[in-house]
Amino acid sequence: MIGSGDPPRITPSPNIWHWPDVYERENRAQDVSGALWAALRAGCDWSGGDVVDVGCGDGFHLGVFAESARSVVGVEPHPPLVERARQRVAGLPGVRVHEAPAQRLPLPDACADLVHARTAYFFGPGCEPGLVEAERVLRPGGTLAIVDLDGACPPYGDWMRADSPRFDPVAVERFFQLHGFRSESVRAVWRFADRAELAAVLGIEFSPKVARRALRQISGCEFEVGYRMRIRTRPVGLVRGFRTSGE
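Residues numbered from 1 in each chain as written. Predicted model: local features only at pLDDT ≥ 70, side-chain atom pairs only at ≥ 80, totals over all residues. Heavy atoms only, no water.

## Observations concerning the state of the cysteines
Note the cut-off: The term disulfide is used for any two cysteine sulfur atoms that are within 2.5 Å.
Tallied over the full model, the rule gives zero disulfides. With no disulfide of its own, C111 lies closest to C56 among cysteine sulfurs, the gap being 15 Å.

This is the structure in structure tokens:
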């Protein structure tokens, strides 16, 4: 895929691209008990391996991988976030950040043990080119792990669907099943310093009407959010094709 065809279409992130400082507070509030990290490590332990974080944003998760990985590469298409990520990981050995989209990873074949994407808009049909690239850079036996918000799990899923009524969690789940992923539900706690911080984060995630509804429904400064962790392992000893929707 690299160097061929038209430039890939990049969908702007509606939250971190425009409000990176608020999104930083959201990242710090998410998964305070470490449920997502525990589930991810149980599915694909990256200790001593090479990790690629696709759609890494401003690099919030890179340092966690770097604690035990041999090398960590963050890939992000938005230049301001690339710069923030590079500043964040400056001085961390074995960590680097590239400016590129998921459809054209600037990496050689079979160079990674884990390709990770967290809430990076892998929402089913349409993400096939990114899946192809992830498969290309994985070594045999390597793992692709996609962590998404669960659109079927209340209360967050209800708010997502209120703002995006065409979003169909059942169809998304079917898509990933058809492409060989196993899925796991994970519940994580989001905890904020105060209601003002909570309101600010809801304000960048939802329309004003839905954000107000969400704030009314949350008692205090914390609530549970459902995720779907989708994992696929590249086979050892055979080549597996991956057909895009246009083939």
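## A few points about the confidence of the model for the protein chain
It should be kept in mind that the predicted coordinates are not to be read in detail where pLDDT is low. Definition in use: On a range of 0 to 100, pLDDT expresses the predictor's confidence in each residue. Contacts are residue-level and defined by heavy atoms, with any inter-residue pair within 4.5 Å sufficient.
Confidence along the protein chain averages 92 in pLDDT terms, with 92% of residues attaining 70 or more. Long-range and interchain partners of residues 239-247, a stretch whose pLDDT sits below 50, account for 15 contacts in this model, where long-range means more than four residues apart.

## Some remarks on the sheet that holds strand β5 (residues 138-149)
Note the cut-off: We treat two strands as partners when DSSP finds at least two bridges between them. Each helix is a run of DSSP H or I of at least 4 residues and each strand a run of E of at least 2, with the numbering of both proceeding from the N terminus. Note on geometry: axes are C-alpha line fits, over the in-contact stretch for helices, and angles between N-to-C directions span 0 to 180 degrees.
Strands sit in the order β3-β2-β1-β4-β5-β7-β6 across an open sheet of seven strands; the sheet is mixed. Edge positions in the sheet fall to β3 (95-99) and β6 (182-191), since each of these pairs with one other strand and no more. For this sheet, the mean inter-axis angle between neighbouring strands, taken without regard to orientation, is 20°. Pairing geometry for β5 and strand β7 (residues 222-233), over seven bridges, is antiparallel. Within β7, the residue paired with T143 across the bridge is T233.

## Looking at the packing of aromatic side chains
Any two aromatic rings considered together are summarised by their centre-to-centre distance and by the angle between their planes. Basically, it comes down to this: Put simply, two rings from Phe, Tyr or Trp (the six-membered ring, in Trp's case) pair if the centres are within 6.5 Å, and we call them stacked under 30 degrees between planes, edge-to-face over 60, tilted for the rest. A ring is considered to have a charge above it if a Lys NZ or an Arg CZ atom is located within 6 Å of its centre and within 35 degrees of its normal.
Under the defined criterion, the tally for this structure stands at twelve aromatic pairs. For the ring pair F176 and F181, a centre distance of 5.2 Å and an interplane angle of 90° mean the geometry is edge-to-face. Above the plane of the ring of W46 lies R41, whose end atom (NZ or CZ) is 4.0 Å from the centre. R118 extends its terminal NZ or CZ atom over the ring of W37, reaching a point 4.4 Å from the ring centre.

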